[in-house]
Amino acid sequence: MHPHVVICGYSHHAAPFRTTNNFGKEAHLLRLQTEGKSVVVVNGETVHQREGDLLVIAPGDSYELYTGDVPSGDYHLAVEGDEFVGWDERLVHTGVDVQVTTIWQYMILERRRPRDEWNEEVIAHLLKTLLLFIDRARQREVAEHTPYIVREMMRYVEQNATETFAVADVAVHVGLSTSRALHLFKAHTGQTIVGYTHHVQVGIAKERMMRTDHSLQQIAGAAGFSSYTYFYKIFKRYTGMAPGAYRLGQKLAAH
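Parameters at a glance
- Residues numbered from 1 in each chain as written.
- Predicted model: local features only at pLDDT ≥ 70, side-chain atom pairs only at ≥ 80, totals over all residues.
- Heavy atoms only, no water.
- Helix = DSSP H or I, 4+ residues; strand = E, 2+ residues; numbered from the N terminus.
- Rg over C-alpha atoms; globule rule 2.2 N^0.38 Å.
- Buried < 20%, exposed > 50% of the residue type's maximum accessible area, 1.4 Å probe, protein only.
- Contact = heavy atoms within 4.5 Å.
- Areas by Shrake-Rupley, 256 points an atom, 1.4 Å probe, with all protein chains shown as cover.
- Lys, Arg positive; Asp, Glu negative; His and termini not counted.
- Charge placed at Lys NZ, Arg CZ, Asp CG, Glu CD.
- Pairing = 2+ DSSP bridges.
- Axes fitted to C-alpha atoms, helices over the stretch in contact; angles between N-to-C directions.
- Core = buried A, V, L, I, M, F, W, Y, C linked by side-chain atoms within 4.5 Å.
- Phe/Tyr/Trp six-rings, centres within 6.5 Å; stacked < 30°, edge-to-face > 60°.
- Expected span 1.5 Å × (residues − 1).
- Arc of directions from axis to C-beta.

Draft legend 1. Structural view of the overall build of the protein. When helices and strands are counted, the protein shows nine helices and nine strands. For 255 residues, the compact-globule estimate of 2.2 N^0.38 gives 18 Å, and the protein sits close to it at 20 Å. Seen along its three principal axes, the alpha-carbon backbone of the protein occupies a region of about 50 × 45 × 30 Å. For the protein, buried positions account for 43% of its 255 residues. By sequence separation, contacts in the protein at least 24 residues apart represent 72% of the contacts at least 6 residues apart. Total accessible area on the protein is roughly 13500 Å²; 52% of this is exposed by carbon and sulfur atoms. Charge-centre separation for the protein: the mean point of 26 positive side chains lies 4 Å from the mean point of 29 negative side chains.

Draft legend 2. Looking closely at the sheet that holds strand 3 (residues 27–35). The strand order across the open sheet formed by five strands is 1-8-3-6-9, and the pairing between neighbours is antiparallel. Of all strands in the sheet, those with a lone pairing partner are strand 1 (4–13) and strand 9 (91–93), marking the two edges. Sheet twist, expressed as the average angle between the axes of neighbouring strands with direction ignored, equals 15°. The pairing of strand 3 with strand 6 (residues 53–57) spans four bridges and is classified as antiparallel. Looking at strand 6, one finds that Arg31 is bridged to Leu55. Docked against the sheet, helix 1 (residues 98–111) engages strand 1, strand 3 and strand 8 (72–80), running at close to 115° with respect to strand 1.

Draft legend 3. Molecular detail of the nonpolar core. Grouped together as the largest cluster of nonpolar side chains are 30 residues, with contacts concentrated most on Met153, Val157, Val170, Phe185, Met209 and Phe231. Contributing elements (two or more residues each) for this core: helix 3 (148–160), helix 4 (167–174), helix 5 (178–189), helix 6 (193–211), helix 7 (216–222) and helix 8 (228–239). A per-element tally of this core places helix 6 first, with seven residues. Once residues within four sequence positions are removed from consideration, Phe185 is found in contact with Val150, Met153, Met154, Gly190, Gln191, Thr192, Ile193 and Tyr196. Among the nonpolar cores identified, the runner-up in size contains 23 residues, and Val5, Val56, Val79 and Met107 belong to it.

Draft legend 4. Seen up close, the packing of aromatic side chains. Tallied over the entire structure, the rule returns 10 aromatic pairs. With 5.6 Å between their ring centres and 35° between their planes, Tyr75 and Trp104 make a pair best called tilted. Of this pair, Tyr75 sits in strand 8 while Trp104 sits in helix 1, and the two are 29 residues apart along the sequence. Here Tyr228 and Phe231 contribute two aromatic rings whose centre-to-centre distance is 5.8 Å and whose plane-to-plane angle is 55°, an arrangement assigned as tilted. Here Tyr228 pairs with Phe231, and both are found in helix 8, just three residues apart, close to one helical turn. When its relative accessible area of 26% is taken as the criterion, Tyr228 is described as partly exposed. For Phe231, a relative accessible area of 0% gives the class buried. Feature note: the residues Phe225, Tyr228, Tyr230, Phe231, Tyr232, Phe235 and Tyr246 constitute an aromatic cluster, connected by ring pairs.

Draft legend 5. Region of interest: helix 8. End to end, helix 8 covers 16 Å across 12 residues, agreeing with the expected 16 Å (1.5 Å per residue, within 8%). Of all the positions in helix 8, only Phe231, Ile234, Phe235, Tyr238 and Thr239 are classed as buried. Buried positions in helix 8, seen along its axis, are confined to an arc of 115° and lie on one side of it. Facing away from the buried side of helix 8, by more than 90 degrees, are the exposed residues Thr229 and Arg237. At the exit of helix 8 stands Gly240, carrying a positive phi of roughly 80°.

In structure tokens form, the structure reads like this:
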């Protein structure tokens, strides 16, 4: 099953603009600020979005957008499907990457075709490519703006995610106290060390679901989870889906 693109476009506001919308209970909204700045209120929480900021809004969240006197431009995309599921951060900085905006433009052009000429397979491939380029841009921004010692902590987690380790082990690895390591990691990545560990582990589990026929229990252990019950809880928290449902959905999408 291909993802259903509800909205895909670009907006430019030369004058103050306000909109209130709800993109449906099943749609994720992705919004990249490419010019100026805006204020977005999501479920009553105010988010200040500046040039290069990428905002991800979950299905069913209330959404209000405000732009001021400074011209504002953004690419936006609303999609029904599990492509955005697992994004554990609402606002990240990717910069305005030309590869990202080019792929977005191709998606817009494809959607402008007459409805009977839409090719859902092309749109699905463009969406997958867009997300890959977004992830690359995001990682580049993190590398450029993250202190070396924090990158070292991230590498330690990535290299040891499938093994049992404590937060204190990460701190010792970089020669910091546990409290200082926790503070630096959170300040520069927006995640806790435990949260980042879960993010890496879920990514490992997703890959093994696609590339192997191992049972979910085996995959849970191989990804570093102490029990299937804990794996199920964390996987669902990060993806919004049970492991079995996610695996089935990916297999159906591949065919």
